[in-house]
Structures are given as C-alpha cells and as structure tokens.
Amino acid sequence: MESPLVVIKDVSFQYDSQESLALNQINMEVYEGEWLAIVGHNGSGKSTLARLLNGLQFPKEGSITVAGITLAEETIWDIRRQIGMVFQNPDNQFVGTTVQDDVAFGLENNGIPVDVMSERVVDALKKVNMDSFLDQEPHHLSGGQKQRVAIAGVLALKPSIIILDEATSMLDPRGRAEVIETIMKLQKQDKITVISITHDLEEASRADRIIVMNKGEVYREGTPNEIFLMDEELIKLGLDIPFPIKMSNKLREKGISLGQQYLTEEELVAGLWTSHSKM
Amino acid sequence: MDISLKNVEYRYSADTPFERLAIQDVNIDISSGSYTAIIGHTGSGKSTVLQHLNALLKPTKGTVFIGNREIKAGRKEKNLKGIREKVGIVFQFPEHQLFEETVEKDICFGPLNFGVSETEAKKRANEAIKQVGLSEEILEKSPFDLSGGQMRRVAIAGVLAMEPECIVLDEPTAGLDPRGRKEIMDLFYKLHQERDLATVLVTHSMEDAARYADEIVIMHKGTVLQKGTPNEIFSDPERLLAHGLDVPDVVRFQLRIEKTFQTKFDRICLKEDELINMLAAFLKRRGAQ
Amino acid sequence: MMEKMIIGRYVPADSLLHRMDPRSKLILVFLFVGVIFLANNFWTYGILLIYTLLMAGFSKIPPRFLIGGLKPVLWLVIFTFFLHLFLTREGAVIFDLGWFKIYEEGLRQGIFISMRFFLLILITSLLTLTTTPIEITDGLERLLGPLKKLKFPVHELALMMSIALRFIPTLMQETDKIMKAQTARGVEYTSGPIKERLKAVVPLLIPLFISSFKRAEELAVAMEARGYKGGEGRTKYRQLSWSTVDTLMILLLLAVTVLLIVFRG
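Note that the coordinates shown come from a computational prediction; the quantities given were computed from them, not determined experimentally.

Caption draft 1: The arrangement of the overall build of chain A in detail. On a plain count of helices and strands, chain A comes out with eleven helices and ten strands. In terms of overall size, chain A behaves like a compact globule, its C-alpha atoms giving a radius of gyration of 20 Å where 279 residues would be expected to give roughly 19 Å. If you line up chain A on its principal axes, its C-alpha atoms span 65 × 45 × 35 Å. For chain A, the residues scored as buried account for 51% of the 279 residues in total. Counting only contacts in chain A whose residues sit at least 6 apart along the sequence, the fraction spanning at least 24 positions is 65%.

Listed below in structure tokens is the structure:
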C-alpha cells in the first residue's frame, strides 16, 4: 500500500467541561483514495476525532499529519485546504442565500479569481447533480439536497479528503440514499479520499475499511467483512447489524451453507442462487 | 377515545397568491387503544395530517372528530385545550421545546397548563421520568446540561405527564443511534401495550411500521394511497414500489429471492424468522429434488 | 394580511429596474429622499408624482399588485392627511360647522405631506421589489467600501446582513414549530387574556434563543472549516456591473431635481 495521507499518532483529547478523556491514545492511518468509515454510538468520540482532523480542536497529546503537514496553529489553513468537511445539520452549514452563493463561499474565502470561480461552482454542482438549482434558496431545498450542496461547496475547493461528520443522520431515507450515492460516485470517479463518521452501518458497509470506536478508543479495525463478523458484539457497542449480514447469519443457523460473507442483499441472493441451482 | 378525519382537505395560506394544497380527501379512523402508523415521503402530507389530530390545524374542508368534539371547516372553534390534553404530540426533535430551569419544571409545564395541581404534576413528573428510563436525580438538573439522548427523553416525559389518551409521535427517533432508536421505539410500544394507550406513529420507516403498528396509512402526494393492516398493505408490495415508496427489508428480500428463483411463496413475510424458515425449507426442498 | 404585504419583498421579473445595478438604485433612493423635500407646490409635487409613476412603469410590477400590496400603508397615508387637515389652523376657512373648522392651509398641508409619504413608500418599495436582498447587501457593501479606510467594518456588516437574510425563513419555520409544540402542551397563543399571552412568550423565546445560539455556533465552525478568516484577501463571487442605463437614470433624477428647483415656490 502507498504511504498514508493522514497519520494520527497517540492522540488524546479532553473537553474542558468533562472529567474523562474524549479520545484516548488514538492511532490510525488513512490512505489515499480509500473510503474509511469511523463508526460508534453517540458519544464514542468519533465526532471529536473529525474536529481534530480539521484543526477545530487541538489534541492534548500526540500528533496529526495530513499530506505531510503536521497540524499546528501555523499550518491550520494549509490543512483546511486539504480537508473538506460536511457537518450533520444541513441548515447550519448553508451560508449563502442561494445554492450558487453557498458553493462560492469557500472559494471567496480562498481568494479564487472570479472567472475561475463561476466555472468551479457549476462543475462542483454538476458532480452532486444539483446544477439545475443554481438560484434556489435553501429553505426550498430538502435535507438531502442541502447536504449535496454542502458537498459541492467542499468539492469546489478541490480538497484531497472529504470528511462527512454524521452528514446523513438528520436525513430521511431518500436524502440518505442520495448522499451516499453521491459519495460513492465521487470516491470511484474522482478518486477522492473519504472519511465518513456515522452510526449507520448500512452506510459503513459501502466503505473500504471500518474503524469501530468505543469510549474514546479504537475498538476494532478491519474491512466491512471482518467487522461484521463481530455480530452480537456490535449490538453491545450500541450499533446494529446490516440487514444482509443478519439474514446470512440466520440462514447459517438453519444449516444453509453460504460459503462466504455477503455485504449486500444482491450478493447474498446471487450467492444463494449459485449455490442452490446447480444441483 | 376515537379520532377520525372525514373528507379532510387543507390548504396552506388559503386565499392568497401563495396558496398550496397540502392534503385532500383524507379519511382516516384511529380507534382507541390502536397503534396506527402513518407513512409517506417528506411532502406527502403526513405532517399536515398529524397536526389535525389535535386541532393544531383546522381543515379547510371536511370534518375532524376528536372524541366527542367536532372540528368542522369554516367554523370558529373555541377552547381547544380539552382536545390537547387528551391528544399528546411528540414532535420531531422534541428536545427543541425544552425551556425551563429544571427538568422537573419542564415536565410539569404541560400538566400545569391543563389545570393539574402542583403536587399532582410533580407526582406525574416523577413517574414520567422513570417511564422514559431516566433516574429521579435528573429532575433537579437543568435540561440544557443533559446529553442529546437524555434531552429527547425528558421532552417525551413532558408529553407523557399530560397523561393523554392518545399519543402522536412524529419521527421520534430521528438523529438517534441504533441503540437509542430501539430503546425509544420499545418504550412507546410498552406504554401502548400496558396502558392501552392509542398511538399514532408518523414515520418514513417501513420497518417500524411493519414491526409495531396494527394499522398502516400510506400517504402519497397529499392523499391516502392505501390503508389496512400490515399484512394487507405489504401483500401487494409492487404497488408501493411503483409509487416510489419503500417496503420493509424483509419484504424486499423476499421479492428478490422470488424473482431470482422464479418462484412465489404462499404469503409475504413481515418477520425475519418467518421468512428464514420458509426460505430454508424451500432451499432444502430444492436441494432434495 | 401579512401575506399580502409587499413591502420588503422581492418579485422576480425581467424589467429595466430589475436589471439595474443595485448601487445605482440605492443612490437613486437616497437622492430621492433628499429631493422630495424640495417640492412645495402643486407643480413640483406633480413632477415628482409623474417621475414615480414612470419608475413604477419601468418595474413591470402589475399596478393591481402594487396597490393591493400597499393597502396596509395607505391607511397610514390617509391618517396623515386627516391629521394635518384637522390640526392646521392657518389660512382662510373653507369649511365651517361652528365648532369645527377646516382651513385652506390644512387642506394643502394634508395633501402635500400625505403625498410625500406615499411617494417615499412607493419608491422604496420599488427598490425592494426589484432587487434581491442579497443584491442590496452587495450594493451597500460596495458603496460603503471607502469607509474601510476609516476602520469601519463594512465587510463584516455586509456578511452579517446576508447571513441574517439567509436565516430569516429558517427562523420563521422554527418559530412556527416551537409554537405548535407548546400549543400541544396547553399554551394558548391566539386567545385568552393579554397577561396569559405575554407569559406564553417565554416558552417560545427561550427555545428559540437556545437553538439560534446553537445554530450560530455550528455555522461559525462550518465557516471556519470552509476557510473563512475575515474579509482580508477575499474575492467576491457576485460582480456588480454599472451600465449606461444606470448613468442615464441618475441623470434623469438630476434633471428632475433641476426642474424642482426652477418650479418651487
């Protein structure tokens, strides 16, 4: 594997108002072009980690390196150009009065010349399939649409990493599907590194790699396949088991052999078909 | 107490250039002690229906019967408090309505508004806080020092303390993690069963509707697309899918199996174990042939 | 009634006034406010009336809509008229009921002042009807630009205004939601004694404040994450362009001013 894009080394963090550590001795790496899902129940420390990555908070101990730059007061703006962030509440990150103004906001902040700007705004909106909403005002958009605009706002700045901090948790199923689809497309076609922080394991099952957080620590790390083998342990951690995995487990209990682990329903049904049709 | 909507229509900003038809020809019956789920996409009219259930909105056409009250279009209604005491609503993100200095005061707010005595209100607060799975010590705290999940529970306790005869839930689990989601849903189900509390769940989730409700109403583009028991509703899953609506995971899985294996099971399963048993038997039969 | 009000609303259309640079429109309104005080007789008020109606015509806003929307303020205009009619005691008596007299000067004053009032409202409404709030903000920011040298926080002010504009509809929705939630908990907002209704404001305002603070905090974080670090080194996405029409419109108002000076009594 190539060298890591993000290195988190022995990072600990504590909020002033709290007695226990929000993050305790975290070590992890993020590789270029991968989709890493960080999962955990509310309060497991996963969102704190996102805030540290973007320099919104500073670690108490340890170091964070992004694309070779070590995070510190002086490098914070360089790092923010590398990392784009989409937050949980679709309303509270929409700055512009219209869709295009909002996408342009980040570009304006970075002093991008006007002629480049309009091109980038339209390009970014095309990528999230919102280019027909240029002059729409935020209160006329659905939650999913607002989140896609937020993603476009991040894309326009051409970051190397996008962090989604529970970006789908306030959306209805349709909005959630729209956002996940957009992210999948971006990661595959535009080779953007994605870190998604979520408690939705359905979403996490699309990732290349999952890190499970619990009580401010890295509890487990692995591919979705490996993580979902944890089964009941996930429920104890306040999480859930994705539906296809649940069904596979129940089938196994009934003595139906499946051969391998399937992450999606399509694969599971196809697997059942191949193993039960050639007899 | 029964609630029923008869030919209800509602228009927002009626008689202005900004007029918008939200629902029309809506007929829904909610009988006492039942668990009804109202499902639909954002914009299907389900939250407009919800607001008719305790006269927060008055129909622009048709009639709403709430217990022995009758809310008719075009008529001025007075003293709706009686209705609101009987029908409690837990709005989406109910923690946004907290405002008092202590949790106890906030929970007592509803009962006191309805003329309950202070001692009685405190007694109810005490009960309600336990019902939502929090300890009594929390009563003295400020609601704003609590975690998000705790705030949600306190807000729910505030509605329970009104001791309504019917409780209406608007996406009560939005934004919670899987554990929190399950706990809250189980809590309402327990109340429904133990106290025979009529429950109306307004949701996007076909899963929750199939799991808890005994009546399902499907809203689509401002009208009732379908209503019936979960078995009736999901016996024709293609119809729902054709309208861009979801079906529960189990049903979707069964359809996929049926399509791939070109077969038809004799019924639609709503429970995972039921389907697994059927599927296992089917696969074994197939293997034996 | 509020829904029919047009003051402060933007009506999208493609007209001469819509296409004008917000800076020139702002300058025109400010000039007009000064110029209107030059009028002091029927000739000069007549000129101003014609000018205002001409502008209304340029806006392509249907007259019916304009009159309907201004109705709520027309009552104020009529009130002003009668106030001056009854209270001025100068000039010849033109109407006498013994205990009640109307003077010539009163009639003049009534007509002129209410006319002045009406024209001002119409002209400012035309500005907001044909210019989006964000254009007005941009225009103001640019017009006030020179004040930056005096350490006047022009950029911050404009940003604050645009964020306020962005969040007004969101806060309205939020207010409606909290009001409904508290109504469901037994609060009465639309009936009952005044004292009770005033008390009912508390359970509305506190949650509204709390959520606004939370929003503000989250918005600040989101803005920082998107690289916002003040006005320094920032570019502007929205460009304003001053055209010949803008210059001509300013010249027109200057011509009107000259006419007023000539014809005033």
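Still more ground to cover, so stick around.
Caption draft 2: Here's a closer look at the nonpolar core. One finds Ile107, Ala157, Val168 and Val200 of chain B to be the most contacted residues of the largest nonpolar core, which totals 97 residues. Per element, the largest residue contribution to this core is seven residues, and it comes from helix H5 (residues 148-160) of chain B. Apart from the residues within four sequence positions on either side, Val168 of chain B is in contact with Leu50, Leu53, Val87, Gly88, Ile89, Val200 and Val202 of chain B. Counting 80 residues, the second-largest nonpolar core is a separate cluster that includes Val99, Ala104 and Ile245 of chain A together with Leu219 of chain C.

Caption draft 3: Examining the sheet that holds strand E6 (residues 83-86) of chain A more closely. All names here are of chain A. One open sheet accounts for six strands, arranged E6-E7-E8-E3-E9-E10; its pairing is mixed. Across the chains shown, the open sheet's two edge strands, defined by having one partner strand only, are E6 and strand E10 (217-222). For this sheet, the mean angle separating the axes of adjacent strands, direction not counted, is 20°. Relative to strand E8 (residues 193-198), strand E3 (residues 35-39) runs parallel, the two being bridged by five bridges. Among the inter-strand pairings, Ile38 is bridged to a residue of E8, identified as Ile197. Running at roughly 145° to strand E7 (residues 161-165), helix H1 (residues 46-53) makes contact with E3, E6, E7, E8 and strand E9 (209-214) of the sheet.

Caption draft 4: Expanded view of the sheet that holds strand E4 (residues 61-66) of chain B. Residues and elements named next belong to chain B. Ordered in space as E2-E1-E4-E5, the four strands form an open sheet in which the pairing is antiparallel. Either end of the sheet is taken by a strand with one partner, and the two such strands are strand E2 (20-30) and strand E5 (69-72). Direction aside, the axes of adjacent strands within the sheet are offset by 20° on average. Sheet topology note: the strand E1 (residues 3-12)/E2 ladder contains seven bridges and is antiparallel. Its bridge partner being in E2, Ile3 is matched across the sheet by Ile30.

Caption draft 5: How the structure looks around the interface of chain C and chain B. With 18 residues of chain C at the contact, the number on the chain B side is 23 residues. Elements supplying a minimum of two residues to the side of chain C that touches chain B: helix H7 (154-184) and helix H9 (202-225) of chain C. The dominant element in the side of chain C that touches chain B, judged by the number of residues it contributes, is H7 of chain C, at seven residues. In the side of chain C that touches chain B, the residues fall into nine nonpolar, four polar and five charged.

Caption draft 6: Quick peek at the interface of chain C and chain A. Each partner contributes to the interface: chain C provides 26 residues, whereas chain A provides 30 residues. Put simply, the parts of the chain that give the side of chain C that touches chain A at least two residues each are H7 and H9 of chain C. Take the side of chain C that touches chain A: its biggest share by element is eight residues, from H9 of chain C. Classifying every residue of the side of chain C that touches chain A by side-chain character gives eleven nonpolar, seven polar and eight charged.

Analysis parameters
Residues numbered from 1 in each chain as written. Chains lettered and ligands numbered in written order. Predicted model: local features only at pLDDT ≥ 70, side-chain atom pairs only at ≥ 80, totals over all residues. Helix = DSSP H or I, 4+ residues; strand = E, 2+ residues; numbered from the N terminus. Rg over C-alpha atoms; globule rule 2.2 N^0.38 Å. Buried ≥ 20, exposed ≤ 12 C-beta atoms within 10 Å, placed from the backbone. Contact = placed C-beta atoms within 7 Å. Core = buried A, V, L, I, M, F, W, Y, C linked by C-beta atoms within 7 Å. Pairing = 2+ DSSP bridges. Axes fitted to C-alpha atoms, helices over the stretch in contact; angles between N-to-C directions. Nonpolar A, V, L, I, M, F, W, Y, C, P; charged D, E, K, R; others polar.

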